[in-house]
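Spelled out, the chains give:
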Amino acid sequence: MSSPVLLPFMEWARRLRYPTLFKITAALFALSMLLPDPVPFIDEILFGLGTLLLANWKRRKDPVAAAEPPALPRKR
């Protein structure tokens, strides 16, 4: 459960798509590794973004295979 301080940020982050969410999470992780606790609540933000990132992680379908109609069985 998000704290009331982080709730607006997490609501905004829920609307992001995978590439943008990954970039923000990676940048905050790198910042956290280089400077210990540069931003208050950065650990909680990273846990929340990591959760959203894993929830949005989907395997992309092949657009050519998805566009072809299914083959009908042949009668003999």
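Quick caveat, the model's predicted, so the values are computed rather than measured.

Draft legend 1. Seen up close, the pattern of salt bridges. With the rule as written, the count across this model stands at one salt bridge. Its salt-bridge partner being Arg14, residue Glu11 comes within 2.5 Å of it at the nearest N-O pair. Of this pair, Glu11 and Arg14 both sit in helix H1 (residues 7-14), three residues apart, which is roughly one turn of that helix.

Draft legend 2. Molecular detail of helix H3 (residues 42-56). Under the 1.5 Å per step criterion, the end-to-end length of H3 is 21 Å for 15 residues, consistent within 8% with the ideal 21 Å. Among all positions in H3, only Ile42, Ile45, Leu46, Gly48, Leu49, Leu52 and Leu53 are buried. Projected onto a plane normal to the axis of H3, the buried residues spread over an arc of 165° and lie on a single side. Exposed side of H3, more than 90 degrees from the buried face: Phe47, Thr51, Leu54 and Ala55 are the residues found there. Of the surrounding elements, those touching the buried residues of H3 are H1 and helix H2 (18-34).

Draft legend 3. Molecular detail of the environment of Phe22. Along the polypeptide, Phe22 turns up in helix H2. Relative accessible area serves as the criterion here: at 42%, Phe22 is assigned to the partly exposed category. Distance in space between the C-alpha atoms of Phe22 and Leu52 is 9.5 Å, their sequence separation being 30 residues.

Draft legend 4. Spotlight on the nonpolar core. By size, the foremost hydrophobic cluster in this structure holds twelve residues: Leu6, Met10, Ala13, Leu16, Leu21, Leu28, Ile42, Ile45, Leu46, Leu49, Leu52 and Leu53. A total of six residues in this core trace back to one element, the largest contributor, which is H3.

Draft legend 5. Region of interest: the side chain of Ser32. With respect to the element layout, Ser32 can be found in helix H2. Leaving out residues up to four positions away in the same chain, Ser32 has contacts with Ile42, Asp43 and Leu46.

Draft legend 6. Broad picture of the packing of H2 against H3. Look at H2 against H3: their axes get within 10 Å of each other, and the N-to-C directions meet at 150°. It follows that H2 is roughly antiparallel to H3 by the angle criterion. When you trace H2 past H3, the crossing you get is left-handed. Across from Tyr18, Leu21, Phe22, Ile24, Thr25, Leu28, Phe29, Leu31 and Ser32 in H2, the residues of H3 making contact are Ile42, Asp43, Ile45, Leu46, Leu49, Gly50, Leu52, Leu53 and Asn56. Classifying every residue of the contact of H2 with H3 gives 13 nonpolar, four polar and one charged.

About the cut-offs
- Residues numbered from 1 in each chain as written.
- Predicted model: local features only at pLDDT ≥ 70, side-chain atom pairs only at ≥ 80, totals over all residues.
- Heavy atoms only, no water.
- Salt bridge = Lys/Arg side-chain N within 4 Å of Asp/Glu carboxyl O.
- Helix = DSSP H or I, 4+ residues; strand = E, 2+ residues; numbered from the N terminus.
- Expected span 1.5 Å × (residues − 1).
- Buried < 20%, exposed > 50% of the residue type's maximum accessible area, 1.4 Å probe, protein only.
- Arc of directions from axis to C-beta.
- Contact = heavy atoms within 4.5 Å.
- Core = buried A, V, L, I, M, F, W, Y, C linked by side-chain atoms within 4.5 Å.
- Axes fitted to C-alpha atoms, helices over the stretch in contact; angles between N-to-C directions.
- Parallel < 35°, antiparallel > 145°, perpendicular 65-115°, else oblique.
- Left-handed = near helix turned anticlockwise from the far one by under 90°.
- Nonpolar A, V, L, I, M, F, W, Y, C, P; charged D, E, K, R; others polar.

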